[in-house]
Amino acid sequence: MSVIEAADWARDRLKEEHEEPFFLMVGFLRPHVPWYVPARYYEMYQPNSIELPPYRENDLDDVPEAGKKTLNDGYPRTDWAKENDQWRDMVHAYLASISFVDKKIGQVLDALDASPYSDNTVVVLWSDHGYHLGEKNTFQKHTLWERSAKAPLIIKPPTGERENFDLGRCVRIVGLVDLYPTLVVLCGLPANDRVSGRSLVPLLKHRKTEWDYPALTYRKEGGKSIQYRDYRYIEYGDGSIELYDHKEDPNEWTNQAGNPEFAKVIEQMQEQFANSHLEAGETPLQ
């Protein structure tokens, strides 16, 4: 189903009469490749004014071989994009794709606002992953660095209950695994103790609530990462590791894994992985 068809389908569902509670899933295959969208969305941007992502030619020098192997040979490299004057065009196409899907999401939300269901409907907007647009010398997903693992997440409470929520940007670290328990609470459904994750409702009600928990990401090849406070720790199947201090190094240019000053941080991250099979909420990091 195309992006346009998906939006039209969702709008039609919202025009129907629903006597029982309903769960409407709407998926948009953009900004996934190929980045082909109507020309007017490209025309929204001036190519020469597009800001390119941060990039360092020697960025991978301190990355273990296992990390370099996560760079998929089927995707372009940034050095190639620069040499062939394609980098700005690629970012331009990605931005146009985002604007295209933003328009379609807006149409669905407008249909919800015009329906009888706007006052009691929870809306969640999320993506399954992030995407490198030149960072780490690649254009792809599949890596354990923040650029690939960090995804958009927006939760809109029912219009009729907005006064019960602390609306605005929340900077706490959460994971997509938290969505199910959050919706269970928001919808007044019985708790399911067999699933992982924890309800985000406390953050929705008070976005500055203390939230001392990490977010975990896993790759099928055995690699895994953890984001906690200012740190991102990555561990590959062969035991090699990376550690980044986002407070001082938001672009993840300096791997601190071999720095003895960060030994305690690495130990904490490894302990959290060992305890990750426990019930959600049992083992916040200290």
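Coordinates for the structure precede this section.
Keep in mind the model is a prediction, meaning the values are calculated, not measured.

Caption draft 1: Examining the environment of arginine 88 more closely. Considering the arrangement of structural elements, one finds arginine 88 in helix H5 (residues 87-113). Once the C-alpha coordinates of arginine 88 and asparagine 48 are considered, the two residues, 40 residues apart in sequence, prove to be 8.1 Å apart. The contact partners of arginine 88, leaving out residues within four places of it in the chain, are Pro47, Asn48, Ile50 and Leu52.

Caption draft 2: Region of interest: the sheet that holds strand S6 (residues 241-245). Spatially, 4 strands are ordered S3-S4-S5-S6 in an open sheet, and the strand pairing comes out antiparallel. Both outer strands of the open sheet, strand S3 (215-218) and S6, are each paired with one neighbouring strand and no more. Neighbour-to-neighbour, the strand axes of this sheet turn through a mean angle of 10°, independent of strand direction. Where strand S4 (residues 224-228) and strand S5 (residues 231-235) come together, 5 bridges link them in antiparallel fashion. Paired with isoleucine 226 across the bridge in S5 is tyrosine 233. Against the sheet, helix H9 (residues 263-274) contacts S3, S4, S5 and S6, and its axis sits at roughly 65° relative to S5.

Caption draft 3: Spatial organisation of empty space enclosed by the protein. Taken as a whole, this structure holds 1 cavity of 30 Å³ or more when the rule is applied. Taken as a whole, the largest cavity encloses approximately 130 Å³ of empty space. Surrounding the largest cavity, 14 residues form its lining, Glu135, Arg147, Pro250, Asn251 and Glu252 being those nearest its centre. Here the residues of the lining of the largest cavity sort into 5 nonpolar, 2 polar and 7 charged.

Caption draft 4: Layout of unusual backbone geometry. The peptide bond linking arginine 30 to proline 31 adopts the cis configuration, its omega dihedral lying at 15°. Take proline 31: it is sitting in the loop between helix H1 (3-15) and helix H2 (39-42). With a phi close to 60°, lysine 136 is a non-glycine residue in the positive phi region. For lysine 136, a relative accessible area of 3% corresponds to the buried category. Positive phi, normally seen in glycine, also occurs at histidine 142, with a value near 75°. Among the structural elements, histidine 142 can be located in the loop between strand S1 (123-126) and helix H6 (146-149).

Caption draft 5: Geometry of H9. End to end, H9 covers 17 Å across 12 residues, agreeing with the expected 16 Å (1.5 Å per residue, within 8%). Buried within H9 are the following residues: Val265, Ile266, Gln268, Met269, Gln272 and Phe273. What you see down the axis of H9 is that its buried residues fit within an arc of 160°, all on one side. Among the exposed residues of H9, those oriented more than 90 degrees off its buried face are Lys264 and Ala274. In this fold, the buried residues of H9 make contact with S3, S4, S5 and S6.

Conventions and cut-offs
Residues numbered from 1 in each chain as written. Predicted model: local features only at pLDDT ≥ 70, side-chain atom pairs only at ≥ 80, totals over all residues. Heavy atoms only, no water. Helix = DSSP H or I, 4+ residues; strand = E, 2+ residues; numbered from the N terminus. Contact = heavy atoms within 4.5 Å. Pairing = 2+ DSSP bridges. Axes fitted to C-alpha atoms, helices over the stretch in contact; angles between N-to-C directions. 1 Å grid on protein atoms, 1.4 Å probe; cavity = no way out; pocket = protein on both sides within 12 Å on 5 of 7 lines; lining within 4 Å. Points joined across faces, edges and corners; volume = space filled by probe spheres on them. Nonpolar A, V, L, I, M, F, W, Y, C, P; charged D, E, K, R; others polar. Buried < 20%, exposed > 50% of the residue type's maximum accessible area, 1.4 Å probe, protein only. Expected span 1.5 Å × (residues − 1). Arc of directions from axis to C-beta.

Geometry only, nothing functional implied.
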